[in-house]
Amino acid sequence: MQSYNPEQALLKARREFGEHGGVVPSIERSSTFTVMHPDTMPEIFTGIKGPEQGGCFLYSRHFNPTVDVLSRYLAAMEGTQAAVCTASGMSAISCAVLQLCSSGDHIVASKTIYGGTHALFESLLPQMKINTTFVNIADLDAVKAAITPETRVIFTETMGNPTLNIADLPALSAIARSRNIKLMVDNTFSPMIFTPHSLGADVVIYSLTKYINGASDLVAGAICGDKQFVSELMGLHTGRVMLLGPTMDPRVAFDIIQRLPHLAIRMREHSRRGLAIAGMLKGMGVRVSYPGLLDHPQHALAAQMCNQGFGFGGILAMDCGDRSTAEKMMEILQNEEKFGLIAVSLGYFDTLISCSGSSTSSEITAEDQQEMGLSPGLLRIALGYTGSLDDRMGQIKRAVEKVLGKDLTPPKE
Ligand SMILES: *Cc1c(COP(=O)(O)O)cnc(C)c1O
């Protein structure tokens, strides 16, 4: 169990008041900023003056005071020196990767990653002569073997999508360090539960669209890292966030700022329900994967890596065998039992259910899906926290009995 406490760290950092002393921070919507003396402008452009040197802002694609508040809070929560917010999780990943890799460079990435990231690495980056070797991230020898002199980044998700395998971040960090490579970790599935920087990650990525915002009403992302990396990303001449321009709107930043204070409460409740429902399904003989279950292959590792008190998350994977059974299950869960909604994404207060193989992971070939353990009947259930837990357990129990039958034989170990 880790001793880092992201909830405390965030609480301590949250000291931003509104313009007139409001308990809520102000929204600075200006795209450009006045300088009081003409000689300040060249000083901003040469980097002598900036937001952190006398509060001089230039232009809101560069830095914006409201977006900066969110960046500071996220950096505090992650325990990194700095952070920068972006317009989406994908832009956070693409800018961070492109900052570290140029033509001819190489990435070692986990096979079990978000479909969009997989597509970026597999199809788009090779067009810029940046190639990726995909590995089973649990196989540390395979990770080492995949590293070449051109490798700049090891990329993984803490909790793999959608199979929920856990990456051994301390071991990966040791490998990365020994070869002078950066370890980049997408922690979208597990904010607060894991703080990858405290486990050795150099760069931590979030899709803020998911748990951190928590209301499924906006798209946003963040890159957390050291001061130097963040200032490189924002550099006026080659900064990838600055020049590719996935700027976060200050109104979006404000919305997320207002939802951060209850992130810890939400994560605990997602996790409480995850463990209860996964345990019940397991007991019924359903093939279910959840990192909090003792029989999850990396349960001990997850328990070692996690911060105390946040559980193991709100996502579980339920294997219904084949796609048509999975679709029948979704139909009943949504339209008869009202257990959740058939939708991609996660981190919402209502439950979202999708069949990964034919949706968010459909970029991955059937062959690769099989190799990474992604069954075509795998449902990713991102549990919400509305309704009583007892009612929810009754709903999913009835749906399982209806679709899979009452006497399931427990899976063979
Ligand atoms: C959703 C998601 C992304 C992409 O984030 P967007 O905000 O949709 O661009 C990246 N990684 C993971 C793990 C995700 O779940």
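In this report, we go over the structure that sits alongside the text. (Residues numbered from 1 in each chain as written. Predicted model: local features only at pLDDT ≥ 70, side-chain atom pairs only at ≥ 80, totals over all residues. Heavy atoms only, no water.)

## Let's talk about the overall build of the chain
A count of helical and extended segments in the chain gives 15 helices and twelve strands. At 22 Å, the chain has a C-alpha radius of gyration in line with the 22 Å of a compact globule built from 413 residues. For the chain, with 413 residues in total, the buried portion stands at 55%. Here the contacts in the chain between residues at least 6 apart in sequence split such that 73% fall between residues at least 24 apart. When the accessible surface of the chain is summed, it comes to about 17500 Å², and 52% of that surface belongs to carbon and sulfur atoms. A distance of 3 Å separates the average location of the 35 positive side-chain charges in the chain from that of its 41 negative side-chain charges. (Helix = DSSP H or I, 4+ residues; strand = E, 2+ residues; numbered from the N terminus. Rg over C-alpha atoms; globule rule 2.2 N^0.38 Å. Buried < 20%, exposed > 50% of the residue type's maximum accessible area, 1.4 Å probe, protein only. Contact = heavy atoms within 4.5 Å. Areas by Shrake-Rupley, 256 points an atom, 1.4 Å probe, with all protein chains shown as cover. Lys, Arg positive; Asp, Glu negative; His and termini not counted. Charge placed at Lys NZ, Arg CZ, Asp CG, Glu CD.)

## Concerning the site of the ligand
For the ligand, the set of nearby residues contains 14 residues, the closest of which are Met90, Asp186, Ser207, Thr209 and Lys210. Contacts to the ligand include Gly89, whose backbone N or O atom sits 2.9 Å from an oxygen atom. Between the ligand and Ser207 there is a distance of 2.8 Å, counted from an oxygen atom to a side-chain nitrogen or oxygen. For the ligand, whose free accessible area comes to 380 Å², the fraction covered by protein is 92%. Looking at the shell around the ligand, the element that brings in the most residues is helix H4 (residues 89-100), giving three residues. Each residue belonging to the shell around the ligand can be placed in one class, and the counts come to six nonpolar, five polar and three charged. (Near = heavy atom within 4 Å. Polar contact = N/O pair within 3.5 Å; in protein donor to acceptor, adjacent residues only side chain to side chain. Nonpolar A, V, L, I, M, F, W, Y, C, P; charged D, E, K, R; others polar.)

## Some thoughts on the pairing of strand E5 (residues 182-186)
For E5, the buried fraction is high: four of the five residues fall into the buried class. Note: strand E4 (residues 151-157) against E5, five bridges, orientation parallel. Paired with Glu157 across the bridge in E5 is Asp186. For the handedness criterion, the β-α-β arrangement of E4, helix H7 (residues 169-178) and E5 is classed as right-handed. As defined by bridge partners, E5 adjoins strand E6 (residues 203-207) across three bridges and the pair is classed as parallel. For Met184, the partnering residue across the bridge sits in E6 and is Val203. (Pairing = 2+ DSSP bridges. Right-handed = clockwise from strand over helix to strand, strands pointing away.)

## Here's the deal with the pairing of strand E7 (residues 221-225)
Looking along a regular strand, one sees side chains alternate from face to face of the sheet. With five of five residues buried, E7 is to be regarded as a mostly interior element. Residues Gly221, Ile223 and Gly225 line one face of E7 and the alternating positions Ala222 and Cys224 line the opposite face, and both faces are buried. As defined by bridge partners, E6 adjoins E7 across four bridges and the pair is classed as antiparallel. Paired with Ser207 across the bridge in E7 is Gly221.

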